Amino acid sequence: MSDKTNTQELPYCEPYKIKMTEAIRTSTRAEREQWIKDAQYNLFKLRADQTMIDLLTDSGVGSMSDRQWSALMTGDESYAGAKSYYHLRDAVQNIFGMPWFLPTHQGRAAENVIFSVLLKEGDIVPGNSHFDTTKGHIEYRRAVAIDCTIDAAADTQAELPFKGEMDLGKLEEVLKKYPKEKIPCCVLTVTNNTAGGQPVSMKNIRETTELCHKYGIPVLMDSARFAQNAYFIKMREKGYENKSIKEIVREMYAAADMMTISAKKDGVVNMGGFVAMRSEDLFRRAMQFNIMYEGYITYGGMSGRDMEALAVGLDENTEFDQLDARVRQVAFLGAELDKYGIPYQRPAGGHAIFLDAKKILPNLPKEQFIAQTLGIELYLEAGIRGVEIGSILADRDPVTRENRYPRLELLRLAIPCRTYTDNHMRVIAAACKNVYDRRESITRGYKITFEAPIMRHFTAELEKA
Ligand code: F0G
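First, a word on what this report is: a plain description of the structure on this page. (Residues numbered from 1 in each chain as written. Predicted model: local features only at pLDDT ≥ 70, side-chain atom pairs only at ≥ 80, totals over all residues. Heavy atoms only, no water.)

1. Some points on the packing of helix H4 (residues 83–96) against helix H12 (residues 304–316)
At step 1: For the pair H4 and H12, interaxial distance at closest approach is 8 Å and the crossing angle is 25°. The angle between H4 and H12 falls in the class roughly parallel. Of the two elements, H4 crosses H12, and the hand of that crossing is left-handed. Taken together, the residues of H12 that come into contact with H4 (itself represented by Lys 83, Ser 84, Tyr 85, His 87, Leu 88, Ala 91, Ile 95 and Phe 96) are Gly 304, Met 307, Glu 308, Leu 310, Ala 311, Leu 314 and Asp 315.
At step 2: When grouped by side-chain class, the residues that make up the contact of H4 with H12 number nine nonpolar, three polar and three charged. (Axes fitted to C-alpha atoms, helices over the stretch in contact; angles between N-to-C directions. Helix = DSSP H or I, 4+ residues; strand = E, 2+ residues; numbered from the N terminus. Parallel < 35°, antiparallel > 145°, perpendicular 65-115°, else oblique. Left-handed = near helix turned anticlockwise from the far one by under 90°. Contact = heavy atoms within 4.5 Å. Nonpolar A, V, L, I, M, F, W, Y, C, P; charged D, E, K, R; others polar.)

Okay, structure coming up:
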């Protein structure tokens, strides 16, 4: 008998080991009741050490690798022409194939720079679920964001491989209805964060860009989680199974005209972003805004050391093993929730699980902020902090000032990259089960007592309804 027949297939494990740890503070329910009240029932207003497992975001909170930490030490902090800038420029050109780029301090800063060039009052910007800062930048300039996401994205129980896609029919309607001069760009977000960390297929990327180009409209890729999107294409789209993540990323960006990126997600750095484009003319026009809002064009809001860490991060996190570990951990949390029958946006997203708050708390009226209420309950239960993707985030209509109630009320549990273990995932699932078990008794939500005129979710103050 050969050795092979006796060999058991080894289970899966992460392709890294952990060199440094950070202590977690635990707390009692009584403490958490006081803290959340002091925070005016806004999870953003909690101190981070008042949480036990912090799933507010995966942005800027991932664990850097030893290669990234050592790259920090090589940062060139020169004001102009720093070596680190050229390292990052090479990485951007290699990975995305975009010849021109401007570093910014994070994603929304990249949006600010590019939209300062592109947008004017009354413009129309179609997209697949614009992220809140993207929509904020559009609406702040009195332009209109039109959501053209496929309808199936709103059915949390539909298992679709590419649930974040653009509906080409809806998009074409917009492109037909408004003159070209009114549509400065179309925003394609990969993965689609707002719809549940759901990917967009290569086919849909190709067809979206072809359609836009037919009407003379450039495509801007919002790229915060571009590498997860490439991973899903490799795993789910026919013809891509044998391609490397880097090859897939190059193909994703082959027809795009420009990109903005929050590098704090798939770049696995604490701070950073950039805007990149094919057109030298656009680059020249964007330069002045970068200098005004961010910094000189060779650092634009980033330290040299941060540019070094990002150059390494972009390279490492477009390798299959890293992405496989990341996405599998989110899927593991999904599988734990399945054991308890807890409804969430299916299938599990690339960076987060989005709990379906309307299904979990059916007894609450939408005016009492269902997903926010679920978020507070989960915090009270176990010190776990998620984030509301519901009607507080949806804000008021900029014209009528009425509350907007989106189809979905979701509580996002974002999993920071390489930060928590599967044991943390088990605790999260058990805490969700405890809240789910007592769902009938949760009949009272919250009302807003203070809100900012735009992007109110960050600073809103609430009290019990
Ligand atoms: N685009 C997408 C798709 C995002 O998810 C984010 C940020 C941004 C743009 C803005 O980038 O934060 O670096 O300025 N998302 C974070 C989140 C905040 O928690 O999902 P930023």
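2. Structural notes on the pattern of salt bridges
At step 1: On inspection of all chains with the given rule, the structure shows 37 salt bridges.
At step 2: One salt bridge connects Asp 123 with Lys 120, and the closest N-O pair in it is separated by 3.1 Å.
At step 3: You can call Asp 123 buried: its relative accessible area is 1%.
At step 4: Overlapping salt bridges bring together Arg 67, Lys 246, Asp 315, Glu 316 and Glu 319 as one network. (Salt bridge = Lys/Arg side-chain N within 4 Å of Asp/Glu carboxyl O. Buried < 20%, exposed > 50% of the residue type's maximum accessible area, 1.4 Å probe, protein only.)

3. Some details on the site of the ligand
At step 1: Residues in contact with the ligand amount to 17 residues; listed here are only the nearest, Thr 57, Arg 108, Ser 262, Lys 265 and Arg 412.
At step 2: Contact between the ligand and Arg 412: an oxygen atom at 2.6 Å from a side-chain N or O atom of the residue.
At step 3: Protein chains bury 94% of the 470 Å² of accessible surface belonging to the ligand in isolation.
At step 4: Considering every element that reaches the shell around the ligand, the biggest residue donor is helix H5 (residues 107–118), with three residues.
At step 5: Of the residues in the shell around the ligand, the class split is two nonpolar, eight polar and seven charged. (Near = heavy atom within 4 Å. Polar contact = N/O pair within 3.5 Å; in protein donor to acceptor, adjacent residues only side chain to side chain. Areas by Shrake-Rupley, 256 points an atom, 1.4 Å probe, with all protein chains shown as cover.)

4. Examining the pairing of strand E12 (residues 410–414)
At step 1: Of all five residues making up E12, five are buried, and the element is well covered by its neighbours.
At step 2: The alternating pattern of E12 places Leu 410, Arg 412 and Ala 414 and Leu 411 and Leu 413 on opposite faces, both of which are buried.
At step 3: Here five bridges tie strand E9 (residues 352–356) to E12, and the two strands are oriented antiparallel to one another. In the strand pairing of E12, Phe 354 is matched with Arg 412.
At step 4: As paired elements, strand E11 (residues 387–389) and E12 share three bridges and run antiparallel to each other. Bridged to Val 387 within E12 is Arg 412. (Pairing = 2+ DSSP bridges.)

5. Considering the state of the cysteines
At step 1: Taken as a whole, this structure holds zero disulfides when the rule is applied.
At step 2: No disulfide involves Cys 148; its sulfur sits 7.1 Å from that of Cys 186, the nearest cysteine.
At step 3: We note that Cys 417 lacks a disulfide partner, and the nearest cysteine sulfur, in Cys 13, lies 16 Å from it.
At step 4: Take Cys 417: its relative accessible area is 8%, and that puts it in the buried class. (Disulfide = S-S within 2.5 Å.)

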